[in-house]
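Geometric and topological summary
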Amino acid sequence: MSLCLSAAGKTVALALEAFSLVWTHSVEKTEWREEWRIADGLLVIERAHVQGTGAGMEIPAGAQLIDRAWVYEPDLSPRPSVIFSDAGQGSDWQICAMHRCRAMGTLLPVSGTILEMKACNGPGQPLFED
């Protein structure tokens, strides 16, 4: 399985089965990180890291403060896809694996678009060229 990212009519398959989705909150300017994996053709969120509270960023019960971020296990069931939006904010969505990140905008046209990530068949391309 691979990770497929789609936006503006373009799809990119990446050779990833475990990855992080990282972005900066548009108001609070703090980092959010979600750790995902692909299992049985579904996306499974394992952990989330939020660097602060405010503007829609309430820390859930059971979160622990680790390395300046609140870390918790989101209560979300495995899902076939996740849809999110840049909302025209020029977001800095990143896909990370093996301690390296790549801006999603280098893979797809993301500004002001609806984005979808899902598991897909096939080998996929490497996240990094080297």
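Before going into details, it helps to say that this report is about the structure given with it. Owing to the predicted nature of the structure, the values given are computational and were not obtained by experimental measurement.

The next point concerns the sheet that holds strand E1 (residues 2-7). Taken in spatial order, the 4 strands of this open sheet run E2-E1-E11-E8, and their pairing is antiparallel. Looking at strand neighbours, the two that pair on one side only are strand E2 (10-14) and strand E8 (81-85), the edges of this open sheet. The average angle at which neighbouring strand axes cross in this sheet is 20°, direction not considered. Two strands pair when backbone bridges link them, and E8 and strand E11 (residues 114-120) are joined in this way by 5 bridges, in the antiparallel orientation. Its bridge partner being in E11, Val 82 is matched across the sheet by Met 117.

Let us look at the environment of Val 110. Relative to the helices and strands, Val 110 resides in the loop between strand E10 (100-103) and E11. Considered as a pair, Val 110 and Ser 85 are 25 residues apart in the sequence and their alpha carbons are 8.2 Å apart.

Our focus in this paragraph is the nonpolar core. Counting 32 residues, the largest nonpolar core has Leu 3, Leu 5, Leu 21, Ile 95, Met 104 and Met 117 as the members making the most contacts within it. When residues of this core are traced back to their parent elements, those giving at least two are E1, E2, strand E3 (18-24), strand E4 (31-39), strand E5 (42-50), E8, strand E9 (94-97) and E11. Broken down by element, the residue count for this core peaks at 4 residues, all from E5. In this structure, Met 117 is in contact with Leu 3, Cys 4, Leu 5, Phe 19, Leu 21, Trp 36, Leu 43, Pro 80, Ser 81, Val 82 and Phe 84, ignoring residues within four places of it in sequence.

Turning to the environment of Ile 66, a few remarks are in order. Along the polypeptide, Ile 66 turns up in strand E6 (residues 64-66). With a relative accessible area of 38%, Ile 66 lands in the partly exposed category.

Strand direction decides the pairing type here: E1 and E11, joined by 6 bridges, are antiparallel. Within the sheet, the bridge partner assigned to Ser 6 lies in E11 and is Glu 116.

In this model, Asp 40 sits at a positive phi of 55°, which is unusual for a non-glycine residue. With respect to the helices, strands and loops of the structure, Asp 40 is situated in the loop between E4 and E5. Taking the relative accessible area as the measure of exposure, Asp 40 reaches 80% and is therefore exposed. Unlike most non-glycine residues, Met 98 shows phi in positive territory, near 50°. With respect to the helices and strands, the residue Met 98 is situated in the loop between E9 and E10. A residue is classified by how much of its surface remains accessible, and Met 98, at 69% relative accessible area, is exposed.

Rules used in this analysis
- Residues numbered from 1 in each chain as written.
- Predicted model: local features only at pLDDT ≥ 70, side-chain atom pairs only at ≥ 80, totals over all residues.
- Heavy atoms only, no water.
- Pairing = 2+ DSSP bridges.
- Helix = DSSP H or I, 4+ residues; strand = E, 2+ residues; numbered from the N terminus.
- Axes fitted to C-alpha atoms, helices over the stretch in contact; angles between N-to-C directions.
- Core = buried A, V, L, I, M, F, W, Y, C linked by side-chain atoms within 4.5 Å.
- Buried < 20%, exposed > 50% of the residue type's maximum accessible area, 1.4 Å probe, protein only.
- Contact = heavy atoms within 4.5 Å.

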